[in-house]
Every structure is written in C-alpha cells, then in structure tokens.
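Now for the letters of each chain:
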2 protein chains.
Amino acid sequence: MTAATSGKRRQGPRKGDLREKAILDAAEELLGREGVELMTVESIAKGAGISRASLYFYFGSKLEVLTALVGRTVDALAAQAEVAEAADESVEDVVRASVRHTANSWREHGLVMRAAVDLTPVTPAIRGLWTGTVNRYAAAMTEVLARAGVPDPAVAEALCWMTERTFYWASVNGDDLDRTADICAQIWCATIRGNN
Amino acid sequence: MTAATSGKRRQGPRKGDLREKAILDAAEELLGREGVELMTVESIAKGAGISRASLYFYFGSKLEVLTALVGRTVDALAAQAEVAEAADESVEDVVRASVRHTANSWREHGLVMRAAVDLTPVTPAIRGLWTGTVNRYAAAMTEVLARAGVPDPAVAEALCWMTERTFYWASVNGDDLDRTADICAQIWCATIRGNN
DNA sequence: GATAAAACTCGACACCGCGTCGATTGTGAT
DNA sequence: ATCACAATCGACGCGGTGTCGAGTTTTATC
C-alpha cells in the first residue's frame, strides 16, 4: 500500500530500507520546518545524509517521496481505525466517539494530513490515498447513519467531507480541535434527528 | 480587489488593459486545456500573443496571473450574490435557494473555482480571496440560521465548507450538481430541524 | 575468505522554467 | 517635433530536475 515506486529497487529487509525510512523521516521533518513548496530533492537528501543522485535510487521524484510519506501515515490511520468497532452504544454516542477519534488523528498526524490535503490536487496517487481513507470512513459512517434511519450514503459522505475540511482549517489555523469536534458532532447529530 | 500587481504597470484605461484581459483569458483557456501544473509563463504568453518577457510587464509570476484570474471570478461571484437578498420566504426555502444558487455558480465558473480550491494551499493571496468568499457566504447564512434558532456561527461555517467540498468533488468528478445540491440542502435543513 | 552478483552511492551533465536587465520601439500629450 | 512614458523583446544567469555511467559496498554462495 505504501509503495509508490518507480525507483529501481524492489524487496527484502536490506540495508537500504533504513535509508528509505530515513528519507521519509527527513521529508516529514522538512515538511514541518519549511513546507511542501520550499522542500527540495536536495534538502531531503541532505536531511537523510545522502546525495541528491542517491535519493533517486529510492524514489523517482519529490512527489513520490511525499506520496510514500502520506501512505505511511494513512496506513497508521487505518490501523487505529480498526480499534473503533465493538461496543454498541446509542447512535449519537458512536458518532460523537468517531468525531473525537478524528480529532485525535489530526492532533497526532496533522502535519502529514494537512500535506495530504494540500497535495490531493497535485498527484493522482495522493488523491487516491486520501479519498480512499475518507471514503472508508464514510462507508463506516453510512452503516451507523442507516441504523438511525438515514440510509443515503451521500449524506454520510457529505458530512465526512465537512468534518475533513473543518478539521483541516482548524489544524491550519491552530484552532482548538475539541471545539471543532463539538461543532461537527453537533451537526452530525442534528442531521440524524432532523431526518427522523 | 482583483489587483495582485508587482508587475511594473499601474493605472488608466491604456492599450495594455486589453493585453491584461487577453492574458487572463489565455490563462483560463490553458487552465481548461492543460491544468495548473503544466501551464507555464511561456504558454500563457504565447496564448496572449506576446513574449515571455512582456508578460512580466503585466504580472510578476504565473501565480500572480492565476491570482488575478481567481480575483476576476470571485468578483463575478460576489456580484451575483447580491441579487439573492429580499423576498422573505421560510428559512428552509432560503436555504434551498442558496444552495441551488451555489450549484449554478459551480456550473458556470467551475473551472476557475476548482483552481481556486487547488491553489488555496499555495498562495496566501488566493487563500485570502477564496476563504473571504466562503466566509462572506457563511456570514450571510449565519443570519439565516440564527432566525431558525441556530445562533452559533461555527455551525453555518462548517456547513458552508461541507457545501464547498461536496460541490468541488462533484465538479471534479463530473457528477450531477442538482443531486449534489439536494443532498446539501437536505443536510442544512435537517440540521436546522434537529437543533430545534 | 574468495568471488561474483546484487545493492547502493555519487559526480557530472544537459535540460527546462524562472525572473531580470538593458536596449528598442510604439503612442499620446503638448 | 519632441518628450515622456507605455509596451515589447532578446539574451542572460540561476536554481532545481532527472539521468548516466563509473565507482564502492553489501550479501549470498561455495
């Protein structure tokens, strides 16, 4: 899933796997320090302790590095998501818990998630990773909403994109994510109630 | 409002104003044909019938051209928005009318509006134009929602961003905008009802 | 522990798009 | 006619990109 390789390498727990991780770590660090635009193949390579030409052995471009970085984070998100099953509370409680969980994801991975949103228009690969993640979330919420008498998947989808954008801006502006979560949850719940 | 000038020119209905419009038109055409990434100062200049160096007389960079283009469209949006006052119908009718109006905006100006969204992370100037537009809309809707017993501006804001993103994706994917409008309006109205 | 095939590294190169400068031509006012 | 300013362009240097081929290091095999 993480792979976005048009670099020449392929498989095995070789030495270069450490380099690969080092490159991703360097990219993430740069992301926080300079932002996507300023980041250059040169600076990533320097951060990883290799030459520019060597980086091209691992990744075909800056965008491929970023794609792999987003893939890594998206995988982490998916791993945490599976925890949030079980426990059949009221529908509204499930919704509130889900939104709070989303807030935590943005707290922990905001840097890369913001980059994922920013780069969605730029690369089909990242667009796929991000919309895939959101759609998986939307599919899960469609189930929940269906149990509350709101069967149309498009409603859950729209609310998911609301949640995404709202947290994105809150994350960019440094707003309080708890407050953001409350607002989103309020709208989710009101939508359920108002659709009876 | 449209101005984003660090090019050397300043004012007056001179001959070069035609060029300026020609440049914006060329950029808009290129936007549809090749997309933001492929578009180059060279190609814009060629489209406008001038040399690359001459374009720099009017605009300081490709991004400034795009900013002016977005500004032009955003102004058009604002102009159309003022029409939608008067006529005191029910709150839900106002909401539905507003969403339908938004759908028409995306139908008519989808190309540049998509670009505005895509470039929002890239330029503070475009970010300002776009968030300004959305926030103006949100402020108006806050009034409407307040009349329905939902005074918190953050709710209208979140719903506006939902509307923005949902139409954005629908526009990108070529989905039916009427259907999208229905879904959005449904959520707006349900939120009002559910918040009683 | 020799050796051959890989995995890996890097300097050097050509390319492309950007932004600037200075020199030149067009245009309108007086 | 001339003067100031609007507009145009060729040519330059710069910085980032991606590739190539020649090296070095690692790993598997005997």
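Asker: Provide a residue-level description of the relation of the copies chain A and chain B, including the pertinent values.
Answerer: Mapping chain A onto chain B leaves a residual RMSD of 0.1 Å; the transformation is a rotation of 180° accompanied by 0.0 Å of translation along its axis. The superposition of one copy onto the other is thereby described by a two-fold rotation axis. A high fraction, 100%, of the interface residues of chain A reappear at the interface in chain B, so the copies pair face to face through one surface.

Asker: How would you summarise the packing of helix H5 (residues 91–119) of chain B against helix H7 (residues 153–173) of chain B if you had to cite specific residues and measurements?
Answerer: Residues and elements named next belong to chain B. Contact geometry for H5 and H7: axes closest at 9 Å, N-to-C directions at 75°. As judged from the angle between their axes, H5 and H7 are roughly perpendicular. Two secondary-structure elements touch here, H5 through Val99, Thr102, Ala103, Trp106, Gly110, Arg114, Val117 and Asp118 and H7 through Thr163, Glu164, Arg165, Phe167, Tyr168, Ser171 and Val172. Residues that form the contact of H5 with H7 fall into these classes: seven nonpolar, four polar and four charged.

Asker: Which residues make up the side chain of Thr120 of chain B, and what values go with them?
Answerer: Note on placement: Thr120 of chain B falls in the loop between H5 and helix H6 (124–147). Sequence-distant contacts of Thr120 of chain B, that is, excluding residues within four places in its chain, are made with Trp169 of chain A together with Ile126, Arg127 and Trp130 of chain B.

Asker: Would you mind going over the packing of helix H6 (residues 124–147) of chain A against helix H7 (residues 153–173) of chain A in detail, with residue names and values included?
Answerer: Residues and elements named next belong to chain A. In the contact formed by H6 and H7, the axes pass within 8 Å of each other and the chain directions differ by 130°. The angle between H6 and H7 places the two elements in the oblique class. Crossing of H6 over H7 shows right-handed handedness. Residue-level contacts link Trp130, Thr131, Val134, Asn135, Tyr137, Ala138, Met141, Thr142 and Leu145 of H6 to Pro153, Val155, Ala156, Glu157, Leu159, Cys160, Trp161 and Glu164 of H7. Residues that form the contact of H6 with H7 fall into these classes: 12 nonpolar, three polar and two charged.

Asker: Describe the packing of aromatic side chains, naming the residues involved and giving the relevant values.
Answerer: Residues and elements named next belong to chain A. On inspection of all chains with the given rule, the structure shows eight aromatic pairs over all chains. Each ring, one from Phe57 and one from Tyr58, has its centre 5.2 Å from the other, and the planes form 90°; the classification is edge-to-face. Under the relative-accessibility criterion, Phe57 is labelled partly exposed at 38%. Under the relative-accessibility criterion, Tyr58 is labelled buried at 13%. Both rings, one in Trp106 and one in Trp130, keep their centres 6.3 Å apart while their planes meet at 80°; by these two values the pair is edge-to-face. Here Trp130 lies in helix H6 and Trp106 lies in helix H5 (residues 91–119), a separation of 24 residues in the sequence. Relative accessible area serves as the criterion here: at 4%, Trp106 is assigned to the buried category.

Asker: Residue-level account of the interface of chain A and chain B, with values.
Answerer: At the junction of the two partners, chain A supplies 29 residues and chain B supplies 30 residues. Both sides together, the interface formed by chain A and chain B hides about 2500 Å², and carbon and sulfur atoms give 62% of it. Taking the shortest distance from any N to any O, the salt bridge between Arg165 of chain B and Glu164 of chain A comes out at 3.0 Å. Linking chain A with chain B are nine residue pairs in polar contact (both at pLDDT 80 or more), by the criterion used here. When residues of the side of chain A that touches chain B are assigned to their parent elements, the largest contribution, 12 residues, is made by H7 of chain A. By residue class, the composition of the side of chain A that touches chain B is 14 nonpolar, seven polar and eight charged.

Asker: Got a sec to walk through the environment of Glu28 of chain A? Specific residues and values, please.
Answerer: All names here are of chain A. Within the secondary structure, Glu28 is located in helix H1 (residues 16–33). Using a relative accessible area of 27% as the deciding quantity, one classes Glu28 as partly exposed. Excluding residues within four positions of it along the chain, Glu28 makes contact with Leu69, Arg72, Leu111 and Val112.

Here is what the cut-offs are and how they apply
Residues numbered from 1 in each chain as written. Chains lettered and ligands numbered in written order. Predicted model: local features only at pLDDT ≥ 70, side-chain atom pairs only at ≥ 80, totals over all residues. Heavy atoms only, no water. Least-squares fit on C-alpha atoms with pLDDT ≥ 70 in both. Contact = heavy atoms within 4.5 Å. Axes fitted to C-alpha atoms, helices over the stretch in contact; angles between N-to-C directions. Helix = DSSP H or I, 4+ residues; strand = E, 2+ residues; numbered from the N terminus. Parallel < 35°, antiparallel > 145°, perpendicular 65-115°, else oblique. Nonpolar A, V, L, I, M, F, W, Y, C, P; charged D, E, K, R; others polar. Left-handed = near helix turned anticlockwise from the far one by under 90°. Phe/Tyr/Trp six-rings, centres within 6.5 Å; stacked < 30°, edge-to-face > 60°. Buried < 20%, exposed > 50% of the residue type's maximum accessible area, 1.4 Å probe, protein only. Buried area = accessible area lost by both parts, 1.4 Å probe. Salt bridge = Lys/Arg side-chain N within 4 Å of Asp/Glu carboxyl O. Polar contact = N/O pair within 3.5 Å; in protein donor to acceptor, adjacent residues only side chain to side chain.

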